[in-house]
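Fold and geometry: a report
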Amino acid sequence: MTVRGSAAPDIATTRSGLRIEAEDLVQVVRGGHRTLRGVSLTVEPGELVAIIGASGVGKTTLLDALAGIRPPAGGRVRYGGVDQAAEASRVAYVPQDDIIHLQLPLERTLRYAARLRLPAGTGAAEIDRRVAEVLAVLGLTDRAGVRVGSLSGGERKRASIGVELLARPRVLFLDEPTSGLDPHTAVDLLRLLRRIARDAVPVVVTTHNPADVERCDRVVVLARDGHLAFAGTPEGARAYFAADTIADIYARIAEEADPAVWSVRFAASPAATVTSAAPATQPDAVPPPGASPTGEWAGEHAGEHAGERTGERANEHAGGGRNGGPNAAGRPLGPFRQTALLTVRGVDILCRNGLTLAILLGSPVAVVLMFLMLFKAHAFAFAHPSPSATVMVLFWIAFGVFFFGLIYGLLQICAEFPVLRREVRAGLGVVPYVVSKAAVLLPLLALADLLLLGVLRGLDRLPALPWSRFGALYVTVLLASAGALGLGLLCSAAVSDATQATLMLPMLCFPQVLFVGAILPVPVMAPVGRWVSWAMSNRWCFEALGHTVGVEHLWRDGGSPLGPPLLATYGHTFSRPVWVDWVVLAGFAVLFFAATCAVLARKYNHRVRAA
Ligand SMILES: Nc1ncnc2c1ncn2[C@@H]1O[C@H](COP(=O)(O)OP(=O)(O)OP(=O)(O)O)[C@@H](O)[C@H]1O
């Protein structure tokens, strides 16, 4: 690693890695607070580098800036002499959270990841080979069939690294990879990273563990507020800070009240201009049990790939490589194939998650049973109808299908933010992602809606209607629940976590009860309430249902004296042609799905969180 003042060639890749150069990085967060202050450093291909410092000094901020996850507010990052953004697909980033679905067996989840990240047209045999290769490198071959959620913490961390290795990155970043691991597992993980680095890939980690630092080639020490206090070898760091151990460095740094002292002192020190070559070998480069020989993760072990490197790299710099991420290495998977792949994966995850599936299918059954207990039969009988009951039956059908859709969508996206964030960076489109959610969930909703209408009709809670009008009722509830699904997905995309999504539920449901025009008819609402009611998808569903079952005719001409006065109160609520309601309901669905895509695109394609 070199720091300020080093003479660097424009393009410096050896074998498969890219040289990382960071110049004068500055990061600013909301409120104008600076979390990085002019950090400059270089990481050579083949180096394993640790970023250390007390909590909150800006380690993750620096890692994110180097990886392009949160581009810096000032300064620039270059990989192999070109702008970081141009090589974004070469970057592997393993955050602290798991970036794989816990419900699937390990090998299966790696296979889905490989199909998503590798170029379109990559054959099944190549995908199998790549997955087997990564499992071998990680020492997880014998755990291939185990559900990811059942793996140990260390195995899960290796599995997350495996997802990133599938596309053979040229730069690897890991945020606290050894956090929560026992010392032995942490050492194994560091050995794995060392072996990856030995294939000339620069590997940068943040860590709080001094033992990790001793196994790295270089260490970057940050002082408070993102000041660069030191960059060099671990031995150099101990000498520079006059510390016996790496842990003592933390205490030394804390001695200065003003953290800027450290960056000024380091900039003026000879250590800041020391240039060192990437190490060829490391003393602890002993492969962990079950792992395969050096270089295999990058394909070198496979005889047929040996010697391809030079040609590949030249080709990739010309924009047509074979082994990198999808964007740089050939044609990425198109949106239709992404949608199809994600839909299959979504169904696979759902089918393996028995409890979730039972809740999704069981809750409509429970609601139907409650309706049956609540509503008497024959409320729509023309000779002796029960007008107030008919209003309630129609309202609760409308609310029920809204609720199904909302609940189906509300936790779908926020529960997998870390996975989605990584996959979008690796080339997944947000539109295919959202469409795949709809493709998995809409058939389930269609089933739930059919069950609701079918049982209510079969047990005489709805009138006997010709098939065409029953079909119209079904179209209405389908459109309404699709819109509610879109609303649920939108909220799921907009929140920060699942708790926030759950807290939103009452606020999403209340207006759809109050302003629907069933409990309090629209004509007798306050003017503001009447305006609000236009924005309630439930209102359009309720009115369409009323129109289709012929509520006006029933109340006006049926055998109940309560009908005409009720009709006078509800006015023209049920007069509108049903196709108008359908257009509006479809509009809500399109609007919510489009807004979900826009929110996700903004969240993940626009990556700067800073002010
Ligand atoms: N989006 C943000 N908005 C406001 N402040 C932020 C944001 N992201 C980071 N910070 C602040 O920037 C500083 C550095 O945060 P960072 O997460 O990089 O520290 P760290 O050294 O990685 O901490 P730790 O070791 O505890 O993980 C902290 O003071 C943090 O509160």
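Residues numbered from 1 in each chain as written. Predicted model: local features only at pLDDT ≥ 70, side-chain atom pairs only at ≥ 80, totals over all residues. Heavy atoms only, no water.

This part takes up the overall build of the chain. Within the chain, the regular secondary structure consists of 22 helices and eleven strands. Each of the 611 residues in the chain was classed as buried or not, and the buried ones make up 56%. Considering only intrachain contacts with a sequence separation of at least 6, the fraction spanning at least 24 residues in the chain is 76%. Accessible surface, the chain: about 24200 Å² in total, of which carbon and sulfur atoms supply 63%. (Helix = DSSP H or I, 4+ residues; strand = E, 2+ residues; numbered from the N terminus. Buried < 20%, exposed > 50% of the residue type's maximum accessible area, 1.4 Å probe, protein only. Contact = heavy atoms within 4.5 Å. Areas by Shrake-Rupley, 256 points an atom, 1.4 Å probe, with all protein chains shown as cover.)

Take the packing of aromatic side chains next. Taken as a whole and assessed by the stated rule, the structure comprises 21 aromatic pairs. Ring geometry for phenylalanine 395 against phenylalanine 399: centres 6.2 Å apart, planes inclined by 25 degrees, an arrangement best described as stacked. Residue phenylalanine 395 and its partner phenylalanine 399 are located together in helix H13 (residues 387-410), separated by four residues, close to a single helical turn. Neither phenylalanine 395 nor phenylalanine 399 differs from the other in exposure class; each is buried. For the pair tryptophan 396 and phenylalanine 399, a centre-to-centre distance of 5.6 Å together with 85 degrees between the ring planes defines the contact as edge-to-face. In this pair, tryptophan 396 and phenylalanine 399 are both assigned in helix H13, three residues apart and thus about one turn of the helix distant. (Phe/Tyr/Trp six-rings, centres within 6.5 Å; stacked < 30°, edge-to-face > 60°.)

Attention now goes to the state of the cysteines. One covalent bond between the sulfur atoms of two cysteine residues makes up a disulfide. Inspection of the entire model under this criterion finds zero disulfides. Here cysteine 541 stays free of any disulfide, with the sulfur of cysteine 509 as its closest cysteine sulfur at 14 Å. Left without a disulfide partner, cysteine 597 is nearest to the cysteine sulfur of cysteine 491, which lies 15 Å away. (Disulfide = S-S within 2.5 Å.)

This part is about the site of the ligand. Around the ligand, the structure places 14 residues, and the nearest of them are Gly56, Lys59, Thr60, Thr61 and His208. In this structure, an oxygen atom belonging to the ligand sits 2.9 Å away from a main-chain N or O atom of glycine 56. Arginine 70 has a polar side-chain atom sitting 3.2 Å from a nitrogen atom of the ligand. Residues that form the shell around the ligand fall into these classes: three nonpolar, seven polar and four charged. (Near = heavy atom within 4 Å. Polar contact = N/O pair within 3.5 Å; in protein donor to acceptor, adjacent residues only side chain to side chain. Nonpolar A, V, L, I, M, F, W, Y, C, P; charged D, E, K, R; others polar.)

A separate point is the pattern of salt bridges. Throughout the structure, instances matching the rule amount to 30 salt bridges. The residue glutamate 126 makes a salt bridge to arginine 130 at a minimum N-O spacing of 3.1 Å. Residue glutamate 126 and its partner arginine 130 are located together in helix H3 (residues 124-138), separated by four residues, close to a single helical turn. Glutamate 155 is the partner of arginine 143 in a salt bridge, and the nearest nitrogen-oxygen pair spans 3.1 Å. Here arginine 143 is found in the loop between H3 and helix H4 (153-165), whereas its partner glutamate 155 is found in helix H4, with twelve residues between them in sequence. Residue classification places arginine 143 among the partly exposed positions, given a relative accessible area of 26%. Take glutamate 155: its relative accessible area is 13%, and that puts it in the buried class. A single salt-bridge network, built from bridges that share partners, covers Glu126, Arg129, Arg130, Glu133 and Arg168. (Salt bridge = Lys/Arg side-chain N within 4 Å of Asp/Glu carboxyl O.)

Another point: unusual backbone geometry. Residues other than glycine seldom take positive phi values, yet aspartate 24 does so here, at roughly 55 degrees. Relative to the assigned elements, aspartate 24 resides in strand E2 (residues 20-28). Of note, alanine 242 is a non-glycine position whose phi angle comes to about 50 degrees, a positive value. Among the structural elements, alanine 242 can be located in the loop between helix H7 (234-240) and helix H8 (246-255).

Turning our eyes to something else, we now look at the UniProt feature "domain: ABC transporter" (unreviewed entry) in the chain. In the numbering used here, UniProt assigns the feature "domain: ABC transporter" (unreviewed entry) to residues 20-250. Its end C-alpha atoms 26 Å apart, residues 20-250 is made of 35% helix and 25% strand. (UniProt positions renumbered as here; feature names shortened; annotations may be inferred.)

For strand E3 (residues 34-43), the buried fraction is high: eight of the ten residues fall into the buried class. The pairing of E2 with E3 spans seven bridges and is classified as antiparallel. Paired with alanine 22 across the bridge in E3 is leucine 41. Between E2 and E3, which pair antiparallel in sequence order, lie five residues; one of them, glycine 31, sits at a positive phi of approximately 90 degrees. (Pairing = 2+ DSSP bridges.)

Right, let's get into the UniProt feature "transmembrane region" (unreviewed entry) in the chain. UniProt feature "transmembrane region" (unreviewed entry): in the numbering of this structure it lies at residues 355-375, 395-417, 438-459, 471-491, 503-526 and 582-601. Within the segment residues 355-375, helix and strand shares are 95% and 0% respectively, and the terminal C-alpha atoms sit 30 Å apart. Spanning residues 582-601, this segment combines 100% helix with 0% strand, and its end C-alpha atoms are found 28 Å apart.

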